[in-house]
Amino acid sequence: MDPCGKGVFLTGGARGIGRGLMEALLSKGAKVMFCDVRVETGKATEAELQQKFGADNVFFRECDVTDSGFGAVDICVNNAGILDESNWEKTIEVNLTAQIRGSQLALDHMRRDRGGRGGLIINTVSGIVALSVHFCPVYMATKHGMIGFMTSWAKNPKMKDMGVRWRCFCPALTDTDLLKEANDADSGKVEDFNAYQALCSVEGAVMSVDETAQEFLKLFQDQDSDDAIFLVRHNGASGYVRRQLVDSDGVSNIVTVD
Ligand SMILES: NC(=O)c1ccc[n+]([C@@H]2O[C@H](COP(=O)([O-])OP(=O)(O)OC[C@H]3O[C@@H](n4cnc5c(N)ncnc54)[C@H](O)[C@@H]3O)[C@@H](O)[C@H]2O)c1
Ligand SMILES: CC/C=C\C[C@H](O)/C=C/C=C\C=C\C=C\[C@@H](O)[C@@H](O)C/C=C\CCC(=O)O
């Protein structure tokens, strides 16, 4: 799908990866409506992006994804997410429940067999699903949950009639406030602070928001593909992967295809 002229709805766009994804889409000619719970940051982002891309092309609305629905458009990006092992119920609410709700609402709105015009549903998941790490079990559960949810829909034979495609966008570590806020031993955001820091300290592992957003644009180059899981690799070898359970104690339950 070419984003040019398309209407996009994106959650969690006030800062971080969501903001980067919006800029990438706006630069390709899309119009974006975004929401966030951070009102001041959201308004500031809206003003800056309106200045850069035009006042008619980007709009902000205050919205908490855990208590609101939305009327979706051609492309829906459920991006809002948190990392907070000390508040596991909230983490499930934002990362799993709200992304599922947002996806179901988008599907209802887009499906051609019920009068919609088709579309693309993208959920920001995480490259962490490809790693065996122990320091964020709840976060891990939510991200694996979204992989299961989306790949189930993507392989549903009715999807051809519905005209809707699904993409799990799985960024590598990205330099955002989410990472910075977890980088505090007393925050309780992760279960094992030293292990978290060790992962973030791998040379070159943390990508910039711009680099992650450029990888995101690759999702729009393959409109006919039914593959659903796009894994960003910090070494540049990003691509679609398929899940495969392995019976050895492997490092990953995802194997690359092609
Ligand atoms: N930063 C990373 O290394 C990384 C890597 C892979 C995946 N991710 C995922 O990318 C997504 C964005 O993360 P980020 O790093 O940009 O984080 P961030 O904290 O910088 O940005 C997340 C945005 O979501 C908003 N948000 C949080 N809860 C919300 C709610 N209930 N309703 C509406 N908006 C809400 C926040 O206010 C914030 O503006 C998340 O789903 C995260 O899990 C992050
Ligand atoms: C720890 C929580 C912190 C932040 C949240 C965020 O979602 C975390 C992301 C953590 C790691 C991402 C890693 C991505 C790695 C990829 O670049 C790639 O190297 C994965 C490697 C191997 C997968 C196996 C394969 O290639 O098939």
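Reading the values: the criteria
- Residues numbered from 1 in each chain as written.
- Chains lettered and ligands numbered in written order.
- Predicted model: local features only at pLDDT ≥ 70, side-chain atom pairs only at ≥ 80, totals over all residues.
- Heavy atoms only, no water.
- Phe/Tyr/Trp six-rings, centres within 6.5 Å; stacked < 30°, edge-to-face > 60°.
- Helix = DSSP H or I, 4+ residues; strand = E, 2+ residues; numbered from the N terminus.
- Buried < 20%, exposed > 50% of the residue type's maximum accessible area, 1.4 Å probe, protein only.
- Expected span 1.5 Å × (residues − 1).
- UniProt positions renumbered as here; feature names shortened; annotations may be inferred.
- Near = heavy atom within 4 Å.
- Polar contact = N/O pair within 3.5 Å; in protein donor to acceptor, adjacent residues only side chain to side chain.
- Areas by Shrake-Rupley, 256 points an atom, 1.4 Å probe, with all protein chains shown as cover.
- Nonpolar A, V, L, I, M, F, W, Y, C, P; charged D, E, K, R; others polar.
- Salt bridge = Lys/Arg side-chain N within 4 Å of Asp/Glu carboxyl O.

(A) The packing of aromatic side chains, seen in detail. Using the criterion set out here, one finds eight aromatic pairs in the structure. Considering the side-chain rings of W153 and W166, the 6.0 Å spacing of their centres and the 0 degrees angle between planes classify their relative orientation as stacked. Pair noted here: W153 is in helix α4 (residues 137-154) and W166 is in strand β6 (residues 164-170), with a separation of 13 residues, a long-range link. For W166, a relative accessible area of 1% corresponds to the buried category. An angle of 75 degrees between the planes, with centres 5.5 Å apart, marks the rings of F216 and F220 as edge-to-face. Classification of F216 by relative accessible area gives buried; the value is 0%. Taking relative accessible area as the criterion, F220 reaches 9% and is therefore assigned buried.

(B) Fine view of helix α2 (residues 39-53). Between its terminal C-alpha atoms α2 stretches 20 Å, which fits the 21 Å expected from 15 residues at 1.5 Å a residue. Note on α2: the residue one or two positions beyond its end, G54, has a positive phi of about 110 degrees.

(C) Representation of the UniProt feature "transmembrane region" (unreviewed entry) in the protein within the structure. In the numbering used here, UniProt assigns the "transmembrane region" (unreviewed entry) feature to residues 120-140. Taken end to end, residues 120-140 comprises 19% helix and 24% strand; its first and last C-alpha atoms sit 24 Å apart.

(D) Seen up close, the environment of K160. Along the chain, K160 turns up in helix α5 (residues 159-162). Between the C-alpha atom of K160 and that of R112, which follows or precedes it by 48 residues, the distance is 9.3 Å.

(E) Here's a closer look at the site of ligand 2. Around ligand 2 sit 19 residues, and of these S126, F135, Y139, R233 and H234 come closest. One of the side-chain N or O atoms of Y139 is found 2.4 Å from an oxygen atom in ligand 2. Against a free-state accessible area of 680 Å², the protein chains account for coverage of 85% of ligand 2. If you list the elements that add at least two residues to the shell around ligand 2, you get α6 (177-182) and β9 (254-256). Its residues assigned to classes, the shell around ligand 2 shows 13 nonpolar, five polar and one charged.

(F) Here's a closer look at the pattern of salt bridges. Applying the stated criterion across every chain, the model contains ten salt bridges. In this structure, R15 and E181 form a salt bridge, with 3.3 Å as the shortest nitrogen-oxygen distance. Separated by 166 residues along the polypeptide, R15 in the loop between β1 (7-11) and α1 (16-27) and E181 in helix α6 bring together distant segments of the chain. Look at R15 and you get partly exposed, because its relative accessible area is 23%. Between K52 and E23 there is a salt bridge, and its shortest N-O distance comes to 2.9 Å.

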